[in-house]
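Next come the chains, spelled out residue by residue.
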Amino acid sequence: RGFALNGLPSTYIGKNFIYRGERSDGLPDVQLVVEEQYSEWPRWCIGFHTLLNAGHYNENKHCTRRWLRFVRPHLLNAESQILYCHFLFTYPLIAPWVGDRLLIIDTHNSEWGWYEGFAGSTRNPLIRRVCRTSQRRASEILAMVPQGTILAHVSEADAEEYRTRRPDLKHLVVPNGG
């Protein structure tokens, strides 16, 4: 909302919402569109699909074809100067439409730490493998992120994790609730 209030048209892409602030007169044009886009597959199917395609669990769960059809018209909006993307795993979904717009990715947590913790909490070898596959895919996605992108992190520890992997990007710490 702050970008819109300062005359910077922007689009915010979450795993189940779009928010656009577009008014050039500095007043917020709040448009919140909510669409349930989670995969209709059960978790075990998403995990199996993740293993088969060497993907990221949340990318398979949230970035569905239906969601892409829903998001695409908002990404084609040439008025938005800023794309604010929630979660690293959503970047491949929007990559073709970033263009010369400023891209900000809100990482929320360290993908590698989160999956490491999850893998450490189970004895199931398939779940541990899904976690390793998701970590590998997160590394691939992060490598695809263009220079000039700003990564927003919830903690200094998360920022340091990403900074060691992509020191060429800008890293901001924005604590939850901040």
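A quick note: this is a predicted structure, and the numbers were derived from the prediction, not measured. (Residues numbered from 1 in each chain as written. Predicted model: local features only at pLDDT ≥ 70, side-chain atom pairs only at ≥ 80, totals over all residues. Heavy atoms only, no water.)

Asks: How should I be thinking about the packing of aromatic side chains in this particular structure?
Replies: Counted according to the given criterion, the structure contains four aromatic pairs. Between tryptophan 112 and tyrosine 162, the ring centres sit 5.0 Å apart and the planes meet at 65°, which makes this aromatic pair edge-to-face. Within this pair, whereas tryptophan 112 is found in helix 6 (residues 111-120), its partner tyrosine 162 is found in helix 8 (residues 156-165), the two being separated by 50 residues in sequence. A ring pair is formed by tryptophan 114 and tyrosine 115, whose centres lie 4.8 Å apart and whose planes are at 85°; its orientation type is edge-to-face. Pairwise contacts between aromatic rings join Trp114, Tyr115 and Phe118 into one cluster. Over the ring of tryptophan 112 we find arginine 165, and its NZ or CZ is 3.9 Å from the ring centre. (Phe/Tyr/Trp six-rings, centres within 6.5 Å; stacked < 30°, edge-to-face > 60°. Helix = DSSP H or I, 4+ residues; strand = E, 2+ residues; numbered from the N terminus. Lys NZ or Arg CZ within 6 Å of the ring centre and 35° of its normal.)

Asks: It is not clear to me how the nonpolar core should be interpreted in this structure. Could you clarify?
Replies: One recurring pattern in soluble globular proteins is that nonpolar side chains are buried together. In terms of nonpolar packing, the biggest core is built from 26 residues, with Leu88, Tyr91, Ile94, Leu103 and Ile105 touching the most fellow members. Mapped by element, the contributors of at least two residues to this core are helix 4 (65-75), strand 4 (82-86), helix 5 (91-94), strand 5 (102-106) and helix 7 (125-144). Considering each element in turn, this core owes the most residues, four residues, to helix 4. If we ignore the near neighbours within four places in the chain, the residues touching tyrosine 91 are Cys85, Val98, Leu103, Ile105, Ile141, Met144, Val145 and Pro146. Counting residues in hydrophobic clusters, the runner-up holds seven residues, among them Tyr19, Tyr84, Ile150 and Ala152. (Core = buried A, V, L, I, M, F, W, Y, C linked by side-chain atoms within 4.5 Å. Buried < 20%, exposed > 50% of the residue type's maximum accessible area, 1.4 Å probe, protein only. Contact = heavy atoms within 4.5 Å.)

Asks: Would you explain the packing of helix 6 against helix 7 in this entry?
Replies: The relative placement of two packed helices is expressed as an angle between their axes plus a distance between the axes. Interaxial distance between helix 6 and helix 7 falls to 9 Å at its minimum, and their mutual angle equals 175°. For the element pair helix 6 / helix 7, the angle class is roughly antiparallel. Taken together, the residues of helix 7 that come into contact with helix 6 (itself represented by Glu111, Trp112, Tyr115, Glu116, Phe118 and Ala119) are Ile127, Arg128, Cys131, Ser134, Gln135, Ala138, Ser139 and Leu142. Of the residues that constitute the contact of helix 6 with helix 7, the class distribution is eight nonpolar, three polar and three charged. (Axes fitted to C-alpha atoms, helices over the stretch in contact; angles between N-to-C directions. Parallel < 35°, antiparallel > 145°, perpendicular 65-115°, else oblique. Nonpolar A, V, L, I, M, F, W, Y, C, P; charged D, E, K, R; others polar.)

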